[in-house]
Amino acid sequence: MVDPTSDLNEDIAAEDAPTCQTCGSVLTDHPEHRVITWVEDDQVHSAHFCNDSCRMDWDGE
Ligand SMILES: [Zn+2]
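Residues numbered from 1 in each chain as written. Predicted model: local features only at pLDDT ≥ 70, side-chain atom pairs only at ≥ 80, totals over all residues. Heavy atoms only, no water.

Novice: For the coordination of the zinc ion, give the residues involved together with the corresponding values.
Specialist: Around a metal, the ideal angle is 109.5 degrees if four donors adopt a tetrahedral arrangement and 90 or 180 degrees if six donors adopt an octahedral arrangement. Coordination of the zinc ion by the protein is provided by C20 (SG), C23 (SG), C50 (SG) and C54 (SG), with metal-donor distances spanning 2.3 to 2.4 Å. For the zinc ion, the four donor atoms in the first shell make angles of 99 to 118° at the metal, so the coordination geometry reads as tetrahedral. Within one chain, the residues donating to the zinc ion are spaced in sequence as C-x2-C-x26-C-x3-C. Of this pair, C20 sits in the segment before strand 1 (34-40) while C50 is found in the loop between strand 2 (43-49) and helix 1 (52-57), placing the two residues 30 residues apart along the sequence. Residue classification places C20 among the buried residues on the basis of a relative accessible area of 4%. (Donors = N, O, S within 2.8 Å, 3.2 Å for Na, K, Ca; no water. Tetrahedral: all angles 85-135°; square planar, octahedral: opposite > 155°, others 65-115°. Helix = DSSP H or I, 4+ residues; strand = E, 2+ residues; numbered from the N terminus. Buried < 20%, exposed > 50% of the residue type's maximum accessible area, 1.4 Å probe, protein only.)

Shown next as structure tokens:
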């Protein structure tokens, strides 16, 4: 599917970007961006973090 309204815009819109589960930063340009995924109740969950520090600070929901 081609979206005729989209230009060759490879930037992630802020509203579509993931945010860090720990500090809430929008992860549009974080080279150390971490993502973890897990399965719970037959659903795949994911959590994003700016870096390992935020990852270590996160203790789940
Ligand atoms: Zn963070």
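Novice: Describe in detail the packing of aromatic side chains, supporting the description with residues and values.
Specialist: Applying the stated criterion to the full structure yields two aromatic pairs. Ring centres of W38 and W58 lie 5.7 Å apart, and the angle between their planes is 50°; this geometry places the pair in the tilted category. Highlighted residues: W38 in strand 1 and W58 in the segment after helix 1, separated in sequence by 20 residues. Exposure remark for W58: the relative accessible area of 16% places this residue in the buried category. Put simply, the rings of W38, F49 and W58 pair up and form one aromatic cluster. (Phe/Tyr/Trp six-rings, centres within 6.5 Å; stacked < 30°, edge-to-face > 60°.)

Novice: Go over unusual backbone geometry with me, naming the residues and quoting the values.
Specialist: Note: most residues except glycine have negative phi, and most peptide bonds are trans. Notably, D41 is not glycine yet its phi reads approximately 55°, a positive angle. Tracing the backbone shows D41 in the loop between strand 1 and strand 2. At D42, a position not held by glycine, the phi torsion is positive, near 65°. With respect to the helices, strands and loops of the structure, D42 is situated in the loop between strand 1 and strand 2. D42 sits in the exposed class, given a relative accessible area of 79%.

Novice: Lay out the pattern of salt bridges with the relevant residues and their values.
Specialist: Evaluation of the coordinates by the stated rule reveals one salt bridge. The partner of R34 in a salt bridge is D52, and the shortest N-O contact between them spans 2.7 Å. Taken together, the residues span a long stretch of sequence, with R34 in strand 1 and D52 in helix 1 at a distance of 18 residues. Take R34: its relative accessible area is 31%, and that puts it in the partly exposed class. (Salt bridge = Lys/Arg side-chain N within 4 Å of Asp/Glu carboxyl O.)

The analysis is restricted to geometry; functional conclusions fall outside its scope.
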